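One-letter residues, chain by chain:
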Protein chains: 2
Amino acid sequence: MTNYVDFDPSRRLLVRRRSQLALQSLTMDAVEQSLRKALAEKQSAVETQGNAVRALKAAATPASKPEIDAAIATLNNLKLEKSSIEKQLQAHITDAGGDGSFSKEAFRQAVVNTLERRLFYIPSFKIYRGVAGLYDYGPPGCSVKSNVLSFWRQHFVLEENMLEVDCPCVTPEVVLKASGHVDKFTDLMVKDEKTGTCYRADHLLKDFCNEKLQKDLSIAPEKAAELKHVLATLDDFSSEELGAKIKEYGITAPDTKNSLSDPYPFNLMFQTSIGPSGLSPGYMRPETAQGIFVNFKDLYYYNGNKLPFAAAQIGQAFRNEISPRQGLLRVREFTLAEIEHFVDPDDKSHPKYSEVANLEFLMFPRDEQMSGQSAKKIVLGDAVSRGIVNNETLGYFIGRVYLFLTRLGIDKERLRFRQHLANEMAHYACDCWDAEIECSYGWIECVGIADRSAYDLRAHSEKSGVPLVAHEKFSEPKEVEKLVIAPVKKELGLAFKGNQKMVVESLEAMGEKEALDMKAALESKGEVDFYVCTLGKNVAIKKNMVAISKEKKKEHQRVFTPSVIEPSFGIGRIIYCLFEHSFYMRPSKAGDEQLNVFRFPPIVAPIKCTVFPLVQNQQYEEISKLISKSLTAAGISHKIDMTGTSIGKRYARTDELGVPFAITVDSATSVTIRERDSKHQVRVSVEEAASVVKDVTEGHRTWADVWSTFPHHSSASADE
Amino acid sequence: MTNYVDFDPSRRLLVRRRSQLALQSLTMDAVEQSLRKALAEKQSAVETQGNAVRALKAAATPASKPEIDAAIATLNNLKLEKSSIEKQLQAHITDAGGDGSFSKEAFRQAVVNTLERRLFYIPSFKIYRGVAGLYDYGPPGCSVKSNVLSFWRQHFVLEENMLEVDCPCVTPEVVLKASGHVDKFTDLMVKDEKTGTCYRADHLLKDFCNEKLQKDLSIAPEKAAELKHVLATLDDFSSEELGAKIKEYGITAPDTKNSLSDPYPFNLMFQTSIGPSGLSPGYMRPETAQGIFVNFKDLYYYNGNKLPFAAAQIGQAFRNEISPRQGLLRVREFTLAEIEHFVDPDDKSHPKYSEVANLEFLMFPRDEQMSGQSAKKIVLGDAVSRGIVNNETLGYFIGRVYLFLTRLGIDKERLRFRQHLANEMAHYACDCWDAEIECSYGWIECVGIADRSAYDLRAHSEKSGVPLVAHEKFSEPKEVEKLVIAPVKKELGLAFKGNQKMVVESLEAMGEKEALDMKAALESKGEVDFYVCTLGKNVAIKKNMVAISKEKKKEHQRVFTPSVIEPSFGIGRIIYCLFEHSFYMRPSKAGDEQLNVFRFPPIVAPIKCTVFPLVQNQQYEEISKLISKSLTAAGISHKIDMTGTSIGKRYARTDELGVPFAITVDSATSVTIRERDSKHQVRVSVEEAASVVKDVTEGHRTWADVWSTFPHHSSASADE
């Protein structure tokens, strides 16, 4: 299953889709191929034998009964064999389609039911029948979100001394014109020609192919291969190609079966108008990064005109999806947390790199993807020193992201860092890795970590006329040899017309070696083929179109555009994956029902502790209130549950919210503290209760330590 | 100066302005009146004497030189006297216009300069020349904001066990139609008839009157009185009245002097479109409250179907101001923190009320405003028991807001709770108090605390068809006598046409006494005058238009719409006022310049501590890094400053950011810790430094305690 989930829209601007990975997993494997072939042969044998039987019966001189019976027996055998192959194929497809996708669906349903029932999420504006792609965080969800953001701030902003900013969501057009969003942040859409209902064109084609492959076993192996190929490559389809396939396959509107319009681009930004005149178009920002880029100059000054430094921003971003799917993973409004780390392009070392170099985790480099291998454990320092990860700073952030996610409770066996393939990256990007988390929807991109080179700052410098650059003063003037690439715009304009700008940009972005190779080739051959990423094709560059030279100059300082390394976090996606990774079910004590548990670590848990009087009496209730007061003073979020419900039910209720500890008041002097996952209980004095919970919640001591310090409490009736 | 600053838009929907308070402060005082009168008399005397002089000179038989000289001397004396009165009047106006508004302006400029220079704020999209009414929080501002929000969450959500939710900003039209924003959330606008530039109509009229009053001393006292009256009442002007005044005074477009269009309403919500069809209008929410109201049913269930409970939300809100003014106080996008406390209308007591009842602070009840007195200190408990504050729950929140603001560092002498006047409140509201903070712009509404009765839940019940109600089950069935008000919609429709709905609502909202009085009056007279708030006038109700009766019923439960008490916080405004209240200047040691200081309490300070090696050497730098590591581990946000700048300059730099403590490394074994405001320093061992700073930052010990525990360090050269 492809999972097209890049929430980083600026990347999406420049290369629309990831396809080769998809190709690898969607290409028919040998087993499927042979099964499909066998099925087609068997089908044809069945038909032949069926004809033979009919011929025997209808012959001018009818065959003998034993002869006919024998032929029918053969036919039945063939049918049985065909059915057996069908079953194998079905099983194989289902399996390949997601390692048991039916149980995954059921698991997801159980998680989502619990999440909605306990108000982790609420479909927004539910009493008005909701709006697709908009969700509220209810009380426990809101608390989890706020905990995740606090930890993010601690782990990144505070520990790294980042400069956090907070910019508005409403953004004037000029900014998003410079960034490319106004022109290129689009999806292709088709309309039901009668009702006007809109669909994402690629979704319809994808659904058609998947449906056909999974439900219609009778299709020829060649047809199956073709559909698989379409699935693998459709992310790269142009508007025309998509339209042609939709026509060819006769795809119609899913609900009405009406015919569909040709595909056309739809801009995914929510548009609005700033001020009363109606003359200042604006958009709700599709990412938070632009707010940082436009402030580069001030932030650089704030940092004492020194590199490297990082700026960070947490905030809402908006995307007017054509037809949101994948529930909580693809929404129209979401919280992003983004870091822009500005660094000298000539020195991408990182002072704290050694602190993460020894980490080992699942990585999925480009080469392994291309050669059909799977992700494997690699020591980060090796990946950097072997050049798999482009530079130390990028490596440092990969390591920090790994620590962030696993400390939140993401299962490290279902977390991998996948490198972008060459065709997934923009021409200006050095290297790019996604932290992908596996959940019931497949591997989901939750954090993108990209070395975006100087692209963004250059785009805003050009559009605004304000140079967004850094300076390095030399102690004494230096003689430098500089590569000068001077595209001849007139000639390029004549040759490439509307594409001129993209060709110019690609020429200017060449590295030293590439440029000198081109210089040599132009001198010898007069013309070279040159690949322009943004056009997705080669163009012919002639000698008169570009001057490449090396010049010597005396310089007192170096003025340069910093590179930016951007870790960008989809907070809602991380939280959703965390929910799936934390969820499990266990039988109730009576064994008559399954109880839901979220095994949140205390740092994430929406409530750290519940306080229960074992039975309803005034004394226990007063002690409970006393403990509650101490917990409040200690800053531990908690809840008292004074209802008369059985203690087992009350435990089950808080397990379902992921509350790690419960204090039960069952005497005037001491209470029990229960840990959620082990269900172990210790006995602690009333006075100590709050501070023990505080220590174990804040990580000053472990539960194992508590368990070995205090007397154990075993209660036959207490738990579930 | 009126300060029209209600950020609570739902209140604004129903009564546009606050006017009587303005009236009181804008009515000419006796001094001004007598000065204006004296000036007019003197002016006329000057004219008469001038004529006399000219007559003497031009007479057929010219007067003697001494005679003429004497007349001229008299004229000059009169001119001097006139000039002296002018000066007095000018001084008086300036003073009344803001207790020395020039020094306030200068103070504000000093604060704002510091805020912008140190990147507390940045005008958004500055490199593109910005957008009026949009500001970024730069690093220290962002940190202050995040500290204020954390404390808000601690003080309200955690301590009160509130249900926090997080809803999207994008909101479908139906929700804001129900709340009234689509129809009524407007300001009156005029357009420059040639250029199309838009202005707020009331602003232009206000500016004209103020300008005339302050700059043109020659206007007659009657004219001055008229302008003052316009200023005092223009908030209640209809579109027609505003247009008439603009015409009468010949007010033109400020920049071009072109003529202006008639005023017309402009909706202040940012409009957008949800999804690709263009058929689903949506808006960026103008407040966060609606997200809570539409979730009432789920939240009530989550709370175990029990009242009272409170829900809370922190988030962005949007307002497409016609022409933003007042810098950081009136912006187009801002952070609100809102609480909706749902309570049984028959029982508005609060269990924790006694914890705040003894607080004493500045309150400004309705009666004091009407009788021209000023705010005075009142014990909260007295205000509630004397019925000045409507109920305990409202009182409780007033007290909690007072504690919140003063703990943040708001000066309690410049904080008052002002009760809304009768004409400021919606017809459904029970009582409403604003926490107003005095800053250079005057008294600014920063928190609104309103008992909104059942209005919002009823509006959404009606529009969505989903009953948003609470239940109280009786232990045994009760016989109840119920007031039934049954408006006869047909008759009302015939009589009031488009206004029918508003009349019906007002009839239904009558209290028992009012309704029974009406019943009696209708029976005796057949017709009564009835004031409809939402129409702002009386209408004649006839006997056939409404049936009022008392009925007896047996009931098993009580079903009712809860009342909601809403404290609503404008976070940006609170922060701006906090900046002004925290700012002061002190001379540098050399006395040659003024140094800026923000006296933030540690809870608010963007950075808690700076670490300085006294001089640049490796040993001191390593110790600084060690201390920095301990501070990070303790969760104390801090900064190392290794620059070679003088220690005095470095102190001054951090004082300007409001950093409360500085650790200076000046030996291998011990360091000094300096407190920002006293500039006192103590000497502490390297090992203890971080924990001392942690304790004093987190309030576990006071600076006085630290000062008395550790040896004092006096440094002749160190500080400024």
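Residues numbered from 1 in each chain as written. Chains lettered and ligands numbered in written order. Predicted model: local features only at pLDDT ≥ 70, side-chain atom pairs only at ≥ 80, totals over all residues. Heavy atoms only, no water.

- Chain A is annotated in an unreviewed UniProt entry as glycine--tRNA ligase from Senna tora.
- For chain A, the Subcellular location (unreviewed entry) comment in UniProt is given as "Cytoplasm".
- One UniProt comment on chain A, placed under Subunit (unreviewed entry), says "Homodimer." (UniProt positions renumbered as here; feature names shortened; annotations may be inferred.)

Details of the interface of chain B and chain A
Alright, step 1. Taken residue by residue, the interface counts 71 residues in chain B and 70 residues in chain A.
Alright, step 2. Carbon and sulfur atoms make up 64% of the area that chain B and chain A hide from each other, which totals about 6100 Å².
Alright, step 3. It is Ile127(B), Tyr128(B) and Tyr302(B) that lose the most area in chain B upon contact with chain A, and together they represent 13% of the buried surface on that side.
Alright, step 4. Among the ionic pairs, Lys126(A) bridges to Asp298(B), the shortest N-O distance being 2.8 Å.
Alright, step 5. Our enumeration of links across chain B and chain A arrives at 20 residue pairs in polar contact (both at pLDDT 80 or more).
Alright, step 6. Per-class residue counts for the side of chain B that touches chain A are 38 nonpolar, 19 polar and 14 charged. (Contact = heavy atoms within 4.5 Å. Buried area = accessible area lost by both parts, 1.4 Å probe. Salt bridge = Lys/Arg side-chain N within 4 Å of Asp/Glu carboxyl O. Polar contact = N/O pair within 3.5 Å; in protein donor to acceptor, adjacent residues only side chain to side chain. Nonpolar A, V, L, I, M, F, W, Y, C, P; charged D, E, K, R; others polar.)

A short note on the pattern of salt bridges
Residues and elements named next belong to chain B.
Alright, step 1. Following the criterion strictly, the structure yields 92 salt bridges over all chains and no others.
Alright, step 2. Two residues, glutamate 81 and lysine 42, come together in a salt bridge whose shortest N-O distance is 2.9 Å. With glutamate 81 in helix H4 (residues 65-96) and lysine 42 in helix H3 (residues 30-58), the pair connects residues that are 39 residues apart, well separated along the chain.
Alright, step 3. With a relative accessible area of 21%, lysine 42 lands in the partly exposed category.
Alright, step 4. Note that lysine 223 and glutamate 226 form a salt bridge whose closest N and O atoms lie 4.0 Å from each other. Of this pair, lysine 223 and glutamate 226 both sit in helix H10 (residues 221-233), three residues apart, which is roughly one turn of the helix.
Alright, step 5. In this structure glutamate 226 comes out as partly exposed when scored by relative accessible area, which is 28%. (Helix = DSSP H or I, 4+ residues; strand = E, 2+ residues; numbered from the N terminus. Buried < 20%, exposed > 50% of the residue type's maximum accessible area, 1.4 Å probe, protein only.)

Details of the packing of aromatic side chains
Alright, step 1. Counted according to the given criterion, the structure contains 60 aromatic pairs over all chains.
Alright, step 2. Judged by centre distance (6.4 Å) and plane angle (75°), the ring pair of Phe293(A) and Phe342(A) falls under edge-to-face. Here Phe293(A) is found in helix H12 (residues 289-293), whereas its partner Phe342(A) is found in strand E11 (residues 333-343), with 49 residues between them in sequence.
Alright, step 3. For Phe342(A), a relative accessible area of 0% puts it in the buried group.
Alright, step 4. Aromatic rings pair up to connect Phe107(A), Phe120(A), Tyr121(A), Tyr135(A), Tyr137(A), Phe579(A), Phe583(A), Phe598(A) and Phe600(A) into one cluster.
Alright, step 5. Sitting above the plane of the Phe560(A) ring, Arg558(A) keeps its charged end 3.9 Å from the centroid.
Alright, step 6. Against the face of Trp443(B) rests Arg416(B), its NZ or CZ located 4.1 Å from the ring centre. (Phe/Tyr/Trp six-rings, centres within 6.5 Å; stacked < 30°, edge-to-face > 60°. Lys NZ or Arg CZ within 6 Å of the ring centre and 35° of its normal.)

As for the state of the cysteines
Alright, step 1. Tallied over the full model, the rule gives zero disulfides over all chains.
Alright, step 2. Here Cys432(A) stays unpaired: no disulfide links it, and the sulfur of Cys430(A), its closest cysteine neighbor, is 11 Å away. (Disulfide = S-S within 2.5 Å.)

What about the domain arrangement of chain A?
Alright, step 1. According to the domain assignment, chain A contains domain 1 (25-96), domain 2 (151-167 + 286-469 + 562-594), domain 3 (474-560) and domain 4 (607-718).
Alright, step 2. For domain 1 of chain A and domain 2 of chain A, the distance between their C-alpha centres works out to 53 Å. (Domains from an automatic or database assignment.)

A closer look at the relation of the copies chain B and chain A
Alright, step 1. You can overlay chain B on chain A at an RMSD of 0.3 Å; the transform is a turn of 180° with a shift of 0.0 Å along its axis. Viewed as a symmetry operation, the transformation between the two copies matches a two-fold axis. Of every C-alpha in chain B, the one belonging to Thr272(B) sits nearest the axis of rotation, 2.6 Å from it. (Least-squares fit on C-alpha atoms with pLDDT ≥ 70 in both.)

Overview of the packing of helix H9 (residues 201-215) of chain A against helix H10 (residues 221-233) of chain A
Helix packing for two helices is described by the angle between their axes and how far apart those axes are.
Residue and element names in this part refer to chain A.
Alright, step 1. Running from N to C, H9 and H10 point in directions that differ by 145°, and their axes come no closer than 10 Å. You can see that H9 and H10 cross each other, and the crossing is left-handed. Contacts between H9 and H10 involve Leu205, Lys206, Phe208, Cys209, Asn210, Lys212 and Leu213 from the first element and Ala224, Leu227, Lys228, Val230 and Leu231 from the second. (Axes fitted to C-alpha atoms, helices over the stretch in contact; angles between N-to-C directions. Left-handed = near helix turned anticlockwise from the far one by under 90°.)

Some points on the confidence of the model for chain A
All names here are of chain A.
Alright, step 1. In this model, chain A carries a mean pLDDT of 88, and residues with pLDDT of at least 70 account for 94%.
Alright, step 2. Ignoring residues within four places in sequence, the model shows residues 1-26, a span with pLDDT below 50, making 109 contacts including any to other chains.
Alright, step 3. Below a pLDDT of 50 lies the segment residues 97-101, which in the model reaches six contacts outside its immediate sequence neighbourhood of four places, other chains included.
Alright, step 4. On the interface metric, ipTM, the complex scores 0.82, and its pTM is 0.83. (pLDDT = per-residue confidence, 0-100.)

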